[in-house]
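Fold and contact review
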2 protein chains.
Amino acid sequence: MKVADMDRLSLYRSLARPSDSRILYYVIDGLGGLRQAPGAPTELEAAATPTLDRLADEGSTGLITPVAPGVAPGSGPGHLALFGFDPLETTVGRGVLAALGVGFELQTGDVAARINFCSLDGDGNVIDRRAGRIGSEIGAPLAQRLDGIDLGGGVECIVRHVKEYRACVVFRGAGLDGRIADTDPQATGVPPLAPRVLDDAAAATVDLATTFIERAGELLADQDKANGVLLRGFDSYHPLPSFADLYGVRPAAVAAYPMYRGVARAVGMAVFDAEDTLESRVELTRAALEEHDFLFVHFKATDSRGEDGDFDAKVQQVEIADESLAALLELGFDVVMVTGDHSTPATYKAHSWHPVPALIWGPHCRANAANDGFGETACLSGALGSIRGMDLLPLVLAQAGRLGKFGA
Amino acid sequence: MKVADMDRLSLYRSLARPSDSRILYYVIDGLGGLRQAPGAPTELEAAATPTLDRLADEGSTGLITPVAPGVAPGSGPGHLALFGFDPLETTVGRGVLAALGVGFELQTGDVAARINFCSLDGDGNVIDRRAGRIGSEIGAPLAQRLDGIDLGGGVECIVRHVKEYRACVVFRGAGLDGRIADTDPQATGVPPLAPRVLDDAAAATVDLATTFIERAGELLADQDKANGVLLRGFDSYHPLPSFADLYGVRPAAVAAYPMYRGVARAVGMAVFDAEDTLESRVELTRAALEEHDFLFVHFKATDSRGEDGDFDAKVQQVEIADESLAALLELGFDVVMVTGDHSTPATYKAHSWHPVPALIWGPHCRANAANDGFGETACLSGALGSIRGMDLLPLVLAQAGRLGKFGA
């Protein structure tokens, strides 16, 4: 983890002022899309979204570039940008996000990595990087089996299950360093890579990781599919500046997936573990509002259907996201923000670099050049313009009366 | 030469991934223009450009600012921006561009300067800064006469002809430094300026340049017009990060003028010396495609007619550029980019600061807000928005499937 954009963040921290306004920060994962042919609508434009359209027309719209031009963001950097960080300056490794995502209480200096259970042949070559996609009923007890491996040297080794074939490991002790390369070879028919330093300071931690992988192999030797582990996303944990401290809000996240709970915890949000249903989202948001005034609510399925390449199914999920939004609005918010952490066009079947539609609805919104609802093309002439992802949050805080004047 | 935007470039280098897509990077020099009166069209809008219009309507358009708001770019910085460099951070002197432009193989540490042959009167005052615009038939043998002047101290002195009254000189030896001011006084009736250090480290090289100018004067004493030399654009040569290394493409340039060949060589492109005709451009591009997949094709005459202040002639050249583009497209490209390195409005008769129309055509393009073809006003509502020149290349690489995801 690294925080190198403190100048910018310090500016906003110095301007933060209290308010009792309530903010809904609604992230529809992979929201941005593409047309299927010139002249045709995108997923968002094809979907019937009466609530999004109303907020767009009453509020201000625009397009955000989460990381940099041409760069498709991972979910981590995409969300860090939405939380006001420069995702090229402030980074959080996947291991740390995974551990935080399952609710593990990381301590400063802990080193965390993501585990994939994998299948190895008799020669030690990877034959399946996801162990035949074993379910959680197999993965969870295997993760438990690896928990507490004795690595010596006063270092604790904690393993937690994430989901299906995914787990995470945390090394806890003095002098650890997470600058270690992935062991996942990203290919089959070859052995896993040995852990390797990215910085010499990580030499001792590489030895620990090597021992861990050996012991794990011994403990998994009886397994048919999951007889090995691949490690990636090593990172040392150091708390990021907290959202509450930076902006003076009382933030909470309502999310159904570990990744998004993890990135929310990384910035000090309280996390409410929702089911992936409208009812659960609304119920937990209602509960969270009792103690919190900045509600990050995450909607996942749009991204998944985009990655599937299923245009119609993504359209349908956008409509479900719109219905959820309508229900959330009944809870009463002063300012509403809606965007995605990146685009996932169904025609592209992956996270893409395209700017993401965004809207801010609140008491002090500039009019868009046209009132065409919420869509990629309409947002081109929106009042927010085309902006960096990290600049969206300050606009929302200002709209909510939570940023003061700079200079006399 | 200076490279100071490595953080940004390292990001893109780290994301570069292989692809067999073919990219046409078509630069219409001085493309941007201005209307002759309110309500009238610009040169680009007045021209009949069916191919540009089709690519704009099927693709995404926008406007680029090559260097900075209000700054008219020279050809060097304009092209460096299009090649993805920050032209305020990465600079290449005119002397180096001239030497590379004529195909001279510079070595690290060489100091190069542009030469203009000039006319001096009996008192040593400049009476013509371009020696009566002598032709190449006079300039070339005079350049040869200056080649190999003995400067002592183990320093080689290499002179090459560029075109007409233009040549370049390269000093090669240990401990040279190119931080030296121009000797061209930019005026007549006054003597040339003496070479002068811009940094004390260049003191020895200033002595060499002073000696070179004296010897050159002796060797040119028999000349009627070209009896002196003016030097400018001193610079030390250090290779820039190569295009192939940064982005994983196999780049080639097809250009008819030394300047553009020089800037292409500066970033490690293979260079195909075209004639300034449609047939030559197409034929060399076809040949280049056998070994290369990123084709930088340069079209010059639009800039020249803009500098002439001839609106109608520039319109005509835009139409010829459009015809060339149609012919180039028949060679088969997956992604096409068209823009200029700067604007050269005929009403302004010079490079100007105005943003330059740009289009990207490829398989994953967002729709523009309106389909009005390719022109300054239409590009205002294009899907690319108003962006920095250096951000165009990453968008093209992404469109061509050549940039991976950032972060997990």
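Residues numbered from 1 in each chain as written. Chains lettered and ligands numbered in written order. Predicted model: local features only at pLDDT ≥ 70, side-chain atom pairs only at ≥ 80, totals over all residues. Heavy atoms only, no water.

1. A few points about the overall build of chain A
Across its full length, chain A carries 14 helices and 14 strands. Taken over C-alpha atoms, the radius of gyration comes to 22 Å for chain A, in line with the 22 Å a tight globule of 408 residues would show. Taken over the C-alpha atoms alone, chain A extends approximately 65 × 50 × 40 Å along its principal axes. Expressed as a percentage of the 408 residues in chain A, the buried residues total 58%. For chain A, contacts bridging at least 24 residues in sequence account for 73% of all contacts bridging at least 6. Surface exposure of chain A reaches about 15300 Å², of which carbon and sulfur atoms provide 47%. (Helix = DSSP H or I, 4+ residues; strand = E, 2+ residues; numbered from the N terminus. Rg over C-alpha atoms; globule rule 2.2 N^0.38 Å. Buried < 20%, exposed > 50% of the residue type's maximum accessible area, 1.4 Å probe, protein only. Contact = heavy atoms within 4.5 Å. Areas by Shrake-Rupley, 256 points an atom, 1.4 Å probe, with all protein chains shown as cover.)

2. Regarding the interface of chain A and chain B
Facing the 29 residues of chain A at the interface are 26 residues of chain B. Here chain A meets chain B over a buried area of about 2100 Å², counting both sides, of which 62% is carbon and sulfur. Between the two partners, chain A and chain B, sit 0 salt bridges. Here chain A is connected to chain B by 9 residue pairs in polar contact (both at pLDDT 80 or more). Counting residues per element, the ones that place at least two in the side of chain A that touches chain B are strand E3 (72-73), helix H4 (75-82) and helix H13 (376-379) of chain A. (Buried area = accessible area lost by both parts, 1.4 Å probe. Salt bridge = Lys/Arg side-chain N within 4 Å of Asp/Glu carboxyl O. Polar contact = N/O pair within 3.5 Å; in protein donor to acceptor, adjacent residues only side chain to side chain.)

3. Structural notes on the side chain of Arg8 of chain B
Residues and elements named next belong to chain B. Summarising the element assignment, Arg8 is placed in helix H1 (residues 6-15). Overall, Arg8 belongs to the buried group, its relative accessible area being 18%. Beyond its immediate sequence surroundings of up to four residues, Arg8 is in contact with Gly84, Phe85, Asp86, Arg388, Met390 and Asp391.

4. Side note on the sheet that holds strand E1 (residues 23-28) of chain A
Residue and element names in this part refer to chain A. What the 8 strands build is an open sheet, ordered E10-E9-E11-E1-E12-E13-E2-E14; its pairing is mixed. Lying at the two open borders of the sheet, with one neighbouring strand each, are strand E10 (270-273) and strand E14 (385-388). Pairs of neighbouring strands in the sheet enclose a mean axial angle of 20°, with direction left out of account. Across 4 bridges, the pairing between strand E9 (residues 251-255) and E10 is parallel. Looking at E10, one finds that Ala255 is bridged to Asp273. Here helix H9 (residues 258-266) sits on the sheet and contacts E9, E10 and strand E11 (294-299); the angle it forms with E10, its principal contact strand, is near 165°. (Pairing = 2+ DSSP bridges. Axes fitted to C-alpha atoms, helices over the stretch in contact; angles between N-to-C directions.)

5. Structural notes on helix H14 (residues 392-399) of chain A
Most of H14 of chain A is tucked away, with 6 of its 8 residues classed as buried. Here H14 of chain A has its buried residues at Leu392, Leu393, Pro394, Val396, Leu397 and Gln399 of chain A.

6. Comments concerning the pairing of strand E4 (residues 111-120) of chain A
Residue and element names in this part refer to chain A. Burial analysis of E4 places 9 of its 10 residues in the buried class, which makes it a mostly covered element. Of the strand pairs in this sheet, E4 and strand E7 (residues 166-172) are connected by 6 bridges, and their pairing is antiparallel. Bridge pairing links Asn116 to Arg166 in E7. With 7 bridges joining them, E4 and strand E8 (residues 228-236) adopt antiparallel strand pairing. By the bridge assignment for E8, Cys118 is matched with Gly228. Examined bridge by bridge, E4 and strand E5 (residues 126-128) share 2 bridges and lie antiparallel to one another. Looking across to E5, one finds that Ser119 is bridged to Asp128. Linking two consecutive strands that pair antiparallel, namely E4 and E5, is a turn of 5 residues; a positive phi of about 85° is found at Gly124 within it.

7. Some points on the relation of the copies chain A and chain B
Turning one copy of the chain about an axis and sliding it along that axis gives the other copy, so a rotation and a shift relate them. Structural alignment of chain A on chain B gives an RMSD of 0.2 Å, achieved by rotating through 121° and translating 0.3 Å along the axis. Such values leave the two copies arranged in the relation of a three-fold axis. Taking C-alpha positions as reference, the residue of chain A nearest the rotation axis is Ser381 of chain A, located at 4.2 Å. (Least-squares fit on C-alpha atoms with pLDDT ≥ 70 in both.)

8. Considering the packing of helix H3 (residues 50-58) of chain A against helix H12 (residues 311-329) of chain A
For any two helices packed against each other, the geometry comes down to the angle between their axes and how far apart the axes lie. All names here are of chain A. Contact pair H3 / H12: the axes reach a minimum separation of 7 Å and the direction vectors enclose 65°. Counted together, Pro50, Thr51, Leu52, Arg54 and Leu55 of H3 and Asp322, Leu325, Ala326 and Leu329 of H12 form the full contact between these two elements. Broken down by class, the residue content of the contact of H3 with H12 amounts to 6 nonpolar, 1 polar and 2 charged. (Nonpolar A, V, L, I, M, F, W, Y, C, P; charged D, E, K, R; others polar.)

9. As for unusual backbone geometry
Positive phi values are uncommon outside glycine, yet Ala131 of chain A reaches one of about 50°. Relative to the helices and strands, Ala131 of chain A resides in the loop between E5 and helix H6 (136-146). Even without glycine at this site, Arg133 of chain B takes up a positive phi of about 50°. Mapping Arg133 of chain B onto the fold places it in the loop between strand E4 (126-128) and helix H6 (136-146). Residue Arg133 of chain B is classed as exposed on the basis of its relative accessible area, which comes to 57%.

10. Observations concerning the confidence of the model for chain A
Taken residue by residue, chain A gives an average pLDDT of 96. The fraction at 70 or more is 100%. Note on the complex model: pTM 0.93, ipTM 0.91. (pLDDT = per-residue confidence, 0-100.)

11. Quick look at the sheet that holds strand E13 (residues 385-388) of chain B
Residue and element names in this part refer to chain B. Strand order in the open sheet made by the 8 strands is E9-E8-E10-E1-E11-E12-E2-E13, with mixed pairing throughout. The open sheet terminates on both sides in strands that have one partner only, identified here as strand E9 (270-273) and E13. On average, each strand axis in the sheet is inclined to that of its neighbour by 20°, with strand direction left out of account. Of the strands in this sheet, strand E1 (23-28), strand E10 (294-299) and strand E11 (335-339) are in contact with helix H12 (residues 311-329), which crosses E1 at around 170°.

12. A few points about the nonpolar core
Core analysis: the largest hydrophobic core is formed by 97 residues, its most contacted members being Leu24, Tyr26 and Leu392 of chain B. Among residues more than four places away in sequence, those in contact with Tyr26 of chain B are Val297, Phe299, Ala321, Ser324, Leu325, Leu328, Met337, Val338 and Thr339 of chain B. Of all hydrophobic cores here, the second largest spans 94 residues; its members include Tyr237, Leu359, Cys379 and Ala400 of chain A. (Core = buried A, V, L, I, M, F, W, Y, C linked by side-chain atoms within 4.5 Å.)

13. Things to note about the packing of aromatic side chains
Considering all chains together, one arrives at 14 aromatic pairs over all chains under this definition. For the ring pair Phe171 of chain B and Phe212 of chain B, a centre distance of 5.8 Å and an interplane angle of 80° mean the geometry is edge-to-face. Placement of the pair is Phe171 of chain B in strand E6 (residues 166-172) and Phe212 of chain B in helix H7 (residues 203-219), with a sequence separation of 41 residues. Phe212 of chain B matches Phe171 of chain B in its accessibility class, with the two residues each being buried. Taken together, the ring pairs connect Tyr25, Phe83, Phe243, Tyr247, Phe294 and Phe296 of chain A into an aromatic cluster. Positioned above the aromatic ring of Phe333 of chain B, the side-chain terminus of Arg22 of chain B is 6.0 Å from the ring centre. (Phe/Tyr/Trp six-rings, centres within 6.5 Å; stacked < 30°, edge-to-face > 60°. Lys NZ or Arg CZ within 6 Å of the ring centre and 35° of its normal.)

14. A word on the environment of Glu58 of chain B
Position of Glu58 of chain B relative to the elements: it lies in helix H3 (residues 50-58). For the pair Glu58 of chain B and Asn368 of chain B, spaced 310 residues apart in sequence, the C-alpha separation works out to 8.7 Å. If we skip the residues at most four places from it in the chain, Glu58 of chain B touches Arg35 of chain A together with Trp361 and Cys365 of chain B.

15. Notes on H7 of chain B
All names here are of chain B. The first and last C-alpha atoms of H7 sit 25 Å apart over 17 residues, in line with the 24 Å expected at 1.5 Å per residue. Three or more residues of H7 are buried, namely Thr205, Val206, Leu208, Ala209, Phe212 and Ala216. In a view along the axis of H7, the buried residues occupy a sector of 155°, so they form one face of it. Projecting away from the buried face of H7 at angles above 90 degrees are the exposed residues Asp207 and Glu218. Buried residues along H7 sit in contact with strand E3 (111-120), H6, strand E5 (156-163), E6 and strand E7 (228-236). (Expected span 1.5 Å × (residues − 1). Arc of directions from axis to C-beta.)

16. A short note on the pairing of E1 of chain B
All names here are of chain B. Along E1, 6 of the 6 residues are buried, which leaves the element largely enclosed by surrounding structure. Residues Ile23, Tyr25 and Val27 point to one face of E1 and Leu24, Tyr26 and Ile28 to the other, with burial holding for every one of them. Where E1 and E10 come together, 6 bridges link them in parallel fashion. Note that in E10 the partner of Val27 across the bridge is His298. Across 5 bridges, E1 lies against E11 in parallel orientation. Opposite Tyr26, over in E11, you have Val338 as the bridge partner.

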